[in-house]
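One-letter residues, chain by chain:
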Amino acid sequence: MAASLKLPLVPASFFGMVLGLSGLANAWRVGARIWQLPAAVGEVLTFVSLAVWLALIVLYGLKWMVAREEAVKEVAHAVQCCFIGLVGVATMLVAAGLLPYSRIGAETIFLVGAVYTLAFSVWRTGGLWQGERDIAATTAVLYLPSVAGSFVTAIVGAALGFPEWAQLFFGAGFFAWLAIESALLHRLLTGPALAPSLRPTLGIQLAPPAVGALAYISVTQGPPDVLVHAMIGYGLLQALIMLRLLPWIAKEGFTPAYWAFTFGATALATAPMRLVERGDAGPVTQLAPILFVAANIVVGLVALATIWLIANRKLVIGWVALADHDAGAVGRG
């Protein structure tokens, strides 16, 4: 029979939207505590990120059910495969957002996300270590399975009251970051230029020092120390380099890939705010409000541009045609 519904085949990279929205929600929650900003903004953003996560989880699950061939192609892709790790990272961030409302719900969702993230990290990293990889496919997405996954596990795990486990995951993320960073910078310095379509993935480069700083704050107590200041400093350097490269990165115009910038931007804003909350009286007190405003601008602009693409039907994704009696029929459009 004729198809009655067209289902969008969302790529795993779309889970980056949840990271950016959750990151901004967390920044507003901290801002409500230290600057008496409206608490409602952070809560609204939390539930917006939850709604986006739910929609993506359903669509991504259906993709595996009715368009398995497309899903498998994504797993086998040299670059897109690493974005699959964002499913677990986004799930853990949603769990953190729900913590004030339901501890048991947050713990359950976190456990699912953490197990998925660790399993995918081990599987994906094991595959990468086998070699035979084109250097052109070496991009900042390599951070996602082990670095982003471990740091977020540490952040949310500590918030849920598992500090010792959080410390272990911080260590896994920290040393994985240093190892991958050296390989990635070698590729950027000596390999061919990134293809224009891959250049927005450089936005992920901002995340490790900033998210790592948040993870370090989460697993430590007492006054801020030199390491967390150093990580924030390195994050600021990455942000300035991103600004310098923006005309080169944006050569082909806006795509949803620019959500890659949002998690790092929100983490770079939140880390100094958390230090202010701990009583830090150094340069971070001047940087915190500036970075908070910048994070809101980055996420706001990317979100508005994405909404514009959707409204004008220019968001290019695949579609699967669901027939009344043949849900396996796949069409591209």
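Residues numbered from 1 in each chain as written. Predicted model: local features only at pLDDT ≥ 70, side-chain atom pairs only at ≥ 80, totals over all residues. Heavy atoms only, no water.

## Here we look at the packing of aromatic side chains
What describes a pair of aromatic rings is the distance from one ring centre to the other and the angle between the planes of the rings.
In step 1: Evaluation of the coordinates by the stated rule reveals 14 aromatic pairs.
In step 2: The interplanar angle of 65 degrees and the centroid separation of 5.1 Å between the aromatic rings of tryptophan 28 and phenylalanine 292 together place this pair among those described as edge-to-face. Within this pair, whereas tryptophan 28 is found in helix α1 (residues 16-34), its partner phenylalanine 292 is found in helix α11 (residues 284-311), the two being separated by 264 residues in sequence.
In step 3: Its relative accessible area of 8% is what places phenylalanine 292 among the buried residues.
In step 4: The interplanar angle of 70 degrees and the centroid separation of 5.8 Å between the aromatic rings of tryptophan 35 and phenylalanine 292 together place this pair among those described as edge-to-face. With a gap of 257 residues between them, tryptophan 35 in the loop between α1 and α2 (39-66) and phenylalanine 292 in helix α11 connect regions that are remote in the sequence.
In step 5: Residue class for tryptophan 35 comes out partly exposed when judged on its relative accessible area of 28%.
In step 6: Through a chain of ring-to-ring contacts, the aromatic side chains of Phe151, Phe170, Phe174, Phe175, Trp177, Tyr216 and Tyr234 assemble into a single cluster. (Phe/Tyr/Trp six-rings, centres within 6.5 Å; stacked < 30°, edge-to-face > 60°. Helix = DSSP H or I, 4+ residues; strand = E, 2+ residues; numbered from the N terminus. Buried < 20%, exposed > 50% of the residue type's maximum accessible area, 1.4 Å probe, protein only.)

## A few points about the UniProt feature "transmembrane region" (unreviewed entry) in the chain
In step 1: As annotated by UniProt and renumbered to match this structure, "transmembrane region" (unreviewed entry) occupies residues 37-62, 74-98, 104-123, 135-162, 168-189, 226-246, 258-275 and 287-311.
In step 2: Split by type, residues 37-62 is 92% helix and 0% strand. Its first and last C-alpha atoms lie 39 Å apart.
In step 3: Annotation note: span residues 168-189, helix share 100%, strand share 0%, distance between end C-alpha atoms 32 Å. (UniProt positions renumbered as here; feature names shortened; annotations may be inferred.)

## Describing the layout of surface pockets
In step 1: Within this model, the largest pocket holds a volume of roughly 990 Å³.
In step 2: Elements that contribute at least two residues to the lining of the largest pocket include exactly α1, α3 (68-76), α6 (143-159), α8 (207-219) and α10 (260-277).
In step 3: Per element, the largest residue contribution to the lining of the largest pocket is five residues, and it comes from α6.
In step 4: For the lining of the largest pocket, the class distribution of residues is 30 nonpolar, 11 polar and seven charged. (1 Å grid on protein atoms, 1.4 Å probe; cavity = no way out; pocket = protein on both sides within 12 Å on 5 of 7 lines; lining within 4 Å. Points joined across faces, edges and corners; volume = space filled by probe spheres on them. Nonpolar A, V, L, I, M, F, W, Y, C, P; charged D, E, K, R; others polar.)

## Here's the deal with unusual backbone geometry
In step 1: Even without glycine at this site, glutamine 36 takes up a positive phi of about 60 degrees.
In step 2: Mapped onto the fold, glutamine 36 is located in the loop between α1 and α2.

## So, the environment of leucine 178
In step 1: Structurally, leucine 178 can be placed in helix α7 (residues 163-190).
In step 2: With a relative accessible area of 41%, leucine 178 lands in the partly exposed category.
In step 3: Remark: the alpha-carbon pair of leucine 178 and glycine 222, spanning 44 residues in sequence, is separated by 25 Å.

## Considering the environment of alanine 71
In step 1: Structurally, the position occupied by alanine 71 is in helix α3.
In step 2: The class of alanine 71 is buried, set by a relative accessible area of 0%.
In step 3: Once the C-alpha coordinates of alanine 71 and alanine 32 are considered, the two residues, 39 residues apart in sequence, prove to be 41 Å apart.
In step 4: With residues near it in sequence (within four places) discarded, alanine 71 still touches Lys63 and Trp64. (Contact = heavy atoms within 4.5 Å.)

## What to know about the packing of α1 against helix α4 (residues 86-98)
In step 1: Two elements in contact, α1 and α4, have axes separated by 9 Å at closest approach and are oriented at 25 degrees. Judged by the angle between their axes, α1 and α4 are roughly parallel. Considering how the two elements wind past one another, α1 and α4 form a crossing that is left-handed. Across from Gly16, Val18, Leu19, Ser22 and Arg29 in α1, the residues of α4 making contact are Leu86, Val89, Ala90, Leu93, Val94, Ala96 and Gly97.
In step 2: Residue classes in the contact of α1 with α4 are distributed as eight nonpolar, three polar and one charged. (Axes fitted to C-alpha atoms, helices over the stretch in contact; angles between N-to-C directions. Parallel < 35°, antiparallel > 145°, perpendicular 65-115°, else oblique. Left-handed = near helix turned anticlockwise from the far one by under 90°.)

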